[in-house]
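Secondary and tertiary structure notes
The lines below spell out each chain.
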Amino acid sequence: MKPLDPRLLRHARSARTFVVLAALLSVGATLAVIVSAFAIAHALAPVVEGRAELVDVLPAVGVLLGAVLARTGLVWLRERLGQSAAVATVGELRGALLRHATRMPHRWRVRRGDDVTVLATRGLDDLVPYLTGYLPQLLLTAILTPIALVVVLRLDLISGVIIAVTLPLVPLFMWLVGVTTRTYADERLAALTRQGSQLLDLLAGLTTLRALGREIGPGRRVRQLGDAYRRTTMQTLRVAFLSGAVLELLASLAVALVAVEIGMRLVYGHIDLTTGLTVLILAPEIYLPLRAVGAQFHASTNGLAAAQRTFEVLQEPLPAAGTRPVPAWTRLHLTGVGVRAGDRGYLAPGNLHAVVEPGCVTALAGASGAGKTTAAMTLLRLQPLDDGAIRLEHDDGSTDLADVATDGPDGWWAQTSWVPQRVATVGGTIASHVGATDDAIRDAAAAATGLLDVVASLPRGWDTPLASGEGGLSSGLSVGQTQRLELTRALVSGSRLVVLDEPTAHLAARDEAAVVDAVRAVARAGAAVVVIAHRPTMLAAADRVVTVRSTPAPEPTTAPVPA
Amino acid sequence: MSTLREDLRDVRAVLPLLGLRRALVARAVALGSLTLAASVALSGVAAWLIVRASQAPPVMFLNVAAVGVRTFGIVRGVSRYLDRLAAHDVALRGVVNLRTAVYEGLARGRTESVAGLRRGDVLARTGVDVDDVGDVVVRGLVPAAVAAVVSLGSVVAVALFSPASALVLLACLAVGALVVPLLAARGDARAERERVQARTDVATASESLVARAADLAVSGRRESELAALGRAQERSADAERRAARPLAASAALAVLATGASVVGTLLVAVPALLAGTLTATELGVVVLLPLAAFEATAPLPAAVTQLHRSAAAARRITALLADAGSGATAPHDRTTAPTTAPAPTPAPRTGPGLVADGLACAWPGHAPVVTDLHLRVPPGTSLAIVGPSGTGKTTLLLTLAGMLAPSAGTVTLDGTEPRLLRGAERTAHVALTTEDAHVFTTTVLENLRAARGDLTRDEAVRALEQAGLAAWVETLPDGLDTPISGETVSGGERRRLLVARALVSRAPLLLLDEPGEHLPTDVADALVADLLALTALGRSVVVVTHHTGAVDRADAVLRIGTTTMSPST
């Protein structure tokens, strides 16, 4: 894993600003540290050597105070800006991730949707400690360490050489320790996970053990497991802390060596006290950011891993978008439509032939897993085809559905409606959800779908507020009633294609009849209705029933039919 | 957001359950102090060495200091390694004790509160909470104690040379050790609430964008929902910015305190040197030593944050144990019930078996599902309870087994109330197999031993045969020693395994919930018939089932959920 992934800078503008800012603050901090070291040495040395009184060194003390105040301000700025820049960066990545994921094909989302949700809701938040803790220290290491080292080299070559030689040993030894202990640590880690889940397993089985009168004995088992867990953890830690110990030991030993070597040369006057003190104060500061990087490393890995998974999603190619305006179509013609089912080597649906016409209800039937929902998604342009074609037939020929635009007033979605099983509302009222500008049109549509009866039964009628979320259930509407609400909305919007996902699933017989009537009413009004259906009542009400089947995938040599 | 005082109180409430050993805590604090003391000494002796060297004394006068500097450098590195290990060791021991105490508290607790634990998230959270309480030792208590020891030690060391400088250092360390962490802990409650709310809003908007992607795209609301997510993120960022304010002030103040101690010491100590009360070498020590001393107070803001997190975990654990209705006992005065020892053979039964009079049962907080029930299951007889789902068969069974309190009437088992039976006593009377009984993530044999610790392999094989699992065990790579879990066995296998587990129990009365579920009807009927035939061996059996094919083999049948509810013999 790279300590600073360039893709992070590419995808999140705030991260770029933040890195520049943190680098500037690091330069400031470096200057403050160096100035402090000089100021302390210049305040102390003349007094020690009996060359000066307090008034003589007051300027140096003043400079020190200035450096301290500057450093205080820089730390304050770093904390204030760091936190908000980190949150902004996470926000940009989350936005990009969700924007991309919502444009991916339906089938991809079925497979990866849960991962994306976990990344967006929890995973990416782990980037905050990386951005506020690890990255600034990394930059400080990159800026302060070399600059301070050059200063020491200029002041005193021998001390500088000691530091310059020991400094690379730190990452070298950490790497060596890491490499030699990795297998061991991985084994320990696996043992830890195993023991941890055994403990949870005993807790989960507590009721069962009680039912068998055997709950008290396992208390001892919990203790034994816990002790084993503790011993394994300690073994892991003994190894895991080694790299940190090497870092600390090298840093403190190098500082000690510098002190002794300066001391010995001071005796013979090879170096003056001011220089000696400056180097002594600067030496630990050179190792400090490196030590902090080591300490923050573990806290940063989760966030980096989450960012990496996000970049992998962002690199997935989006389906091609069409550009042509939708023609005045009279029929939708599906020929040999197939969609690959993940990596599972078959098409679901496969070799699907159908004709969808305005004024007709077309039912998609078939076993579960045959690809009914995916077939519906291809009609909605939410799932590209791997095989076959869907053509829009019109008076002067036919257009491939894949070539027409989706968004915009001339796009496919402007004349299609999708009614999922659980309708989601976004607040507002029944009237605003239906979205009619003319009450007469609205009432006619509502009368056709049976929504008018529902509205009449509600005390606030059309002004009944809808909850935000799925089902609008807290608004007091049943599942069947929300289906009719959604169908009314489709009618009012003048959709030419209305696709429904099992609208009568889970409905009682009376509600089912009402929804079936509403579906027929939408077709009568001139829309092409496609409905995924299981129940006999819904299938009986359809003009055509198309059976969706899965088929073996075409040979790998067969390229997908070009769009 | 709770105050520091409340956090301390709530953490202290669970500390006895950690059973921390004084000697080990002292060792961790001592090693931690040694690390930082070596660091402080390294600075002090190095300063002395350099200043003294500048006075060009014979080199032999410097040798001790030169060795000292190097020694402290090594001690610091080695001791850092040891102190981290010691602190983690103390914490892990505490976690083991706490986990055992939580387990035992729940094991003695009320059934319905324990039943909630089966939910994966509650279970996982309990595991994390226990670890979080343990972390307060490593990140909270030990660093605080070390900071106190090292800070005061440094002040005393400086006071030996210059009392005035020591006062300056004391004042600055007090700011670093008290004001800085308190400032970090000071988040105002409203900002914290807003922060949590804003985060929830962002999470909800994200989830809905993915879950409703198709819906939003077709209805043209995708862009507006993405914009809504953006607004929620703005609010979240604002809230985070406000929450970061005291933290930034705290971090800045820590830097200021360190710097101020050097400036202050210079201003106080330089005149002391000129006045002749302080030597040149002492001046060097007094000025440079504070830089290292502040290393001790650096982890304190993180300690306060950890305290806050641990307190939240401690509150959940306390609530869980209180809900289980048991004051969990501290580890050292645990009663050690020897139940891993071979289960005692059932006491010869003199009692009348299972008797219920005027029994009403209900899940706590719900309406009774069965009322005014009278039944008798004398030793060596069987009873089948049948009825449609949702009529309270399981609740009745749990009440008969003493896992739930009757809401009215009485249940007795050989004259005692089954609710009062614990551990081995219970095993001597009754074994209950619920429908959702747990399959442990261990071997087949150990899963059966969950019912009886001294079960032999032969007995296990026989029980598995009886439950119709002989062929299944043969297909397993390591036979009885094959590890299994709830996820790796099928519904039917699981059901039979639970029956086998009930069979190996020595309890004279077996209560089984739906033993034929997930099995083909004829197989289920045969299994139920086999179970009912156990009465021939002198055991009593109560079976809840909706497979009515075999129930006529039972000595009595109780039909519930219908108008009459009396046993038909």
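Residue numbers here run from 1 along each chain, matching the order of that chain's written sequence. A letter from A marks each chain and a number from 1 marks each ligand, given out in the order of writing. Two thresholds apply to this predicted model, a pLDDT of at least 70 for residue-level local features and 80 or more for giving and counting side-chain atom pairs, whereas whole-chain, interface and lining totals are computed over all residues.

As recorded in an unreviewed UniProt entry, chain B goes by the name Transport ATP-binding protein CydC, listed as coming from Serinibacter arcticus.

As recorded by an unreviewed UniProt entry, chain A carries the name Transport ATP-binding protein CydD and is attributed to Serinibacter arcticus. UniProt positions are given in the numbering used here, feature names are shortened, and annotations may be inferred rather than shown by experiment. Heading Subcellular location (unreviewed entry) of the UniProt record for chain A holds this comment: "Cell membrane".

Moving on, we get to the overall build of chain B. Runs of E in the DSSP output that reach at least two residues are strands. Runs of H or I that reach at least four are helices, and both are numbered from the N terminus. Counting secondary structure elements, chain B contains 18 helices and 10 strands. Any residue whose C-beta has 12 or fewer other C-beta atoms within 10 Å is treated as exposed, any with 20 or more as buried, and any in between as partly exposed, C-beta atoms being built from the backbone. When the 569 residues of chain B are sorted by exposure, 51% land in the buried category. The contact criterion used here is simple: two residues whose C-beta atoms, placed from the backbone, lie within 7 Å are in contact. When contacts within chain B are restricted to residue pairs at least 6 apart in sequence, those whose partners lie at least 24 apart make up 79%.

This part is about the confidence of the model for chain B. All names here are of chain B. With 88% of its residues at a pLDDT of 70 or more, chain B shows a mean pLDDT of 83. Residue-level confidence of the predictor is summarised by pLDDT, bounded by 0 at the bottom and 100 at the top. Ranking the elements of chain B by mean pLDDT puts helix H4 (residues 111-115) last, at 61, and helix H2 (residues 22-54) first, at 94. Counting interchain partners and residues more than four positions distant, the pLDDT-below-50 stretch residues 326-349 has 49 contacts. Here residues 563-569 is a poorly scored stretch, pLDDT under 50, and it has eight contacts once near neighbours within four places are set aside; other chains count.

Our next topic: the domain arrangement of chain A. Residue and element names in this part refer to chain A. Once the domains are mapped, chain A shows domain 1 (1-156 + 295-318), domain 2 (157-270) and domain 3 (329-552). The C-alpha-based centres of domain 1 and domain 2 are spaced at 25 Å. Counting residues at the interface gives four residues for domain 1, matched by six residues for domain 2. Note that the domain bounds were set by an automatic or database domain assignment.

This part is about the domain arrangement of chain B. Partitioning chain B into domains gives domain 1 (4-333) and domain 2 (354-559). Domain 1 of chain B and domain 2 of chain B are separated by 52 Å when their C-alpha centres are compared.

Between two packed helices, the angle of one axis relative to the other and the distance separating the axes together describe the packing. Between N-to-C directions, angles span 0 to 180 degrees; the directions come from axes that are lines fitted to C-alpha atoms, helices contributing only their stretch in contact. Two elements in contact, helix H8 (residues 217-267) of chain A and helix H3 (residues 60-108) of chain B, have axes whose closest approach is 7 Å; the angle formed by their N-to-C orientations is 165°. Between H8(A) and H3(B), the angle is such that the two are roughly antiparallel. Between H8(A) and H3(B) lies a crossing whose hand is right-handed. Here the angle decides the label: under 35 degrees means roughly parallel, over 145 means roughly antiparallel, 65 to 115 means roughly perpendicular, and every other value means oblique. Handedness of each helix crossing follows the sense of rotation of the near helix against the far helix: counterclockwise by less than a right angle gives left-handed, clockwise gives right-handed.

All names here are of chain B. Along the polypeptide, Ala254 turns up in helix H9 (residues 222-274). For Ala254, a count of 25 C-beta atoms within 10 Å translates into the label buried. It is 9.7 Å that separates the C-alpha atoms of Ala254 and Pro301, two residues lying 47 residues apart in sequence. Each residue touching Ala254, except ones within four places of it in the same chain, is listed here: Gly176 and Val180.

This brings us to unusual backbone geometry. Residues and elements named next belong to chain A. The step from Ala348 to Pro349 runs through a cis peptide bond, and the omega angle for that step is 0°. In this structure, Pro349 sits in the loop between strand E2 (346-347) and strand E3 (352-356). For Asn351, which is not glycine, the phi dihedral falls at a positive 50°.

As a further point, take the interface of chain B and chain A. Contacts between the two partners involve 109 residues from chain B, matched on the other side by 96 residues from chain A. With 27 residues, the single largest contributor to the side of chain B that touches chain A is H9(B). Each residue belonging to the side of chain B that touches chain A can be placed in one class, and the counts come to 67 nonpolar, 25 polar and 17 charged. Residues are sorted three ways: Asp, Glu, Lys and Arg are charged, Ala, Val, Leu, Ile, Met, Phe, Trp, Tyr, Cys and Pro are nonpolar, and all the rest, Gly among them, are polar.

Two orientations exist for strands paired in a sheet by backbone hydrogen bonds: parallel and antiparallel. All names here are of chain B. Should DSSP find at least two bridges between two strands, the strands are taken to pair. Strand order in this open sheet of three strands is E2-E1-E4, and the pairing throughout is antiparallel. Looking at which strands have only one partner, the edges of the open sheet turn out to be strand E2 (370-377) and strand E4 (408-413). Recorded for the sheet is a direction-independent mean angle of 15° between the axes of neighbouring strands. Sheet analysis places strand E1 (residues 354-361) next to E4, joined by five bridges and oriented antiparallel. Following the sheet pairing, Ala360 is matched in E4 by Ala408. In the packing of helix H12 (residues 393-400) onto the sheet, contacts are made with E1, E2 and E4, and the angle to E1 comes to roughly 130°.

Before going further, it helps to examine the packing of helix H14 (residues 479-492) of chain A against helix H15 (residues 509-524) of chain A. Residues and elements named next belong to chain A. Between H14 and H15, the shortest axis-to-axis distance is 10 Å and the interhelical angle comes to 5°. Judged by the inter-axis angle, H14 sits roughly parallel to H15. Across the interface between the two elements, Gly480, Gln483, Arg484, Leu487, Ala490 and Leu491 of H14 pack against Asp511, Ala514, Val515, Ala518, Val519 and Val522 of H15.

Once that is clear, we can look at the nonpolar core. In terms of nonpolar packing, the biggest core is built from 358 residues, with A:Val519 and A:Val522 touching the most fellow members. Among the elements that make up this core, the one with the highest residue count is H9(B) (22 residues). If sequence neighbours within four positions are ignored, A:Val519 has contacts with A:Val361, A:Leu487, A:Leu500, A:Pro503, A:Val529, A:Val531 and A:Ala541. Residues enter a nonpolar core if they are buried, belong to Ala, Val, Leu, Ile, Met, Phe, Trp, Tyr or Cys, and are joined to the set through C-beta atoms within 7 Å.

Moving on, we get to the sheet that holds strand E10 (residues 497-501) of chain A. All names here are of chain A. A sheet is described by the order of its strands in space; here five strands give the open sequence E7-E10-E11-E4-E12, paired in parallel fashion. Each edge of the open sheet is held by one strand with a lone partner, namely strand E7 (416-419) and strand E12 (544-547). Each strand axis lies, on average, 20° off the axis of its neighbour in the sheet, ignoring direction. Where strand E4 (residues 361-365) meets strand E11 (residues 528-532), four bridges bridge the pair, whose relative direction is parallel. From the neighbouring strand, Leu364 faces E11, where its bridge partner is Ile532. H15 rests against E4, E10 and E11 of the sheet, and its axis sits at about 150° to E11.

The next point concerns the UniProt feature "transmembrane region" (unreviewed entry) in chain B. All names here are of chain B. According to UniProt, the feature "transmembrane region" (unreviewed entry) maps to residues 28-50, 56-75, 141-161, 167-185 and 251-274 in the numbering used here. Between the C-alpha atoms that bound residues 56-75 there is a distance of 28 Å. The span itself is 80% helix and 0% strand. A distance of 36 Å separates the end C-alpha atoms of residues 251-274, which is 100% helix and 0% strand.

A few words now on the pairing of E10(A). Residues and elements named next belong to chain A. Here E10 lies mainly inside the structure; five of its five residues are buried. The two faces of E10 match: Leu497, Val499 and Asp501 on one face and Val498 and Leu500 on the other face are all buried. Judged from the four bridges that link them, E7 and E10 form a sheet pairing that is parallel. Looking at E10, one finds that Trp418 is bridged to Val499.

The next point concerns helix H12 (residues 439-449) of chain A. Residue and element names in this part refer to chain A. Along H12, the residues classified as buried are Arg442, Ala445, Ala446, Ala448 and Thr449. Seen along its axis, H12 keeps its buried residues to an arc of 160°; they face one direction. Exposed side chains of H12 directed beyond 90 degrees from the buried face belong to Asp439 and Ala440. On its buried side, H12 packs onto helix H11 (430-434), helix H13 (451-457), H14 and H15. Just beyond H12, the residue with positive phi is Gly450, at close to 90°. The arc in question is the one traced by the directions running from the helix axis out to the C-beta atoms.

Residue and element names in this part refer to chain A. Buried residues dominate E4, accounting for four of its five residues. Note: E4 against E12, four bridges, orientation parallel. In the sheet register, Ala365 faces E12, and the bridge partner there is Thr547.

Attention now goes to the environment of A:Leu401. Residues and elements named next belong to chain A. Considering the arrangement of structural elements, one finds Leu401 in the loop between strand E6 (397-400) and E7. Residue class for Leu401 comes out buried when judged on the 24 C-beta atoms lying within 10 Å of it. C-alpha separation for the pair Leu401 and Arg381, spaced 20 residues apart in sequence, amounts to 7.7 Å. In this view, Leu401 contacts Arg381, Ile390, Arg391 and Leu392; residues no more than four positions away in its chain are not counted.

With 94% of its residues at a pLDDT of 70 or more, chain A has an overall mean of 85. In the model, residues 557-563 of chain A has pLDDT below 50 throughout and makes eight contacts with residues more than four positions away in sequence or in other chains.

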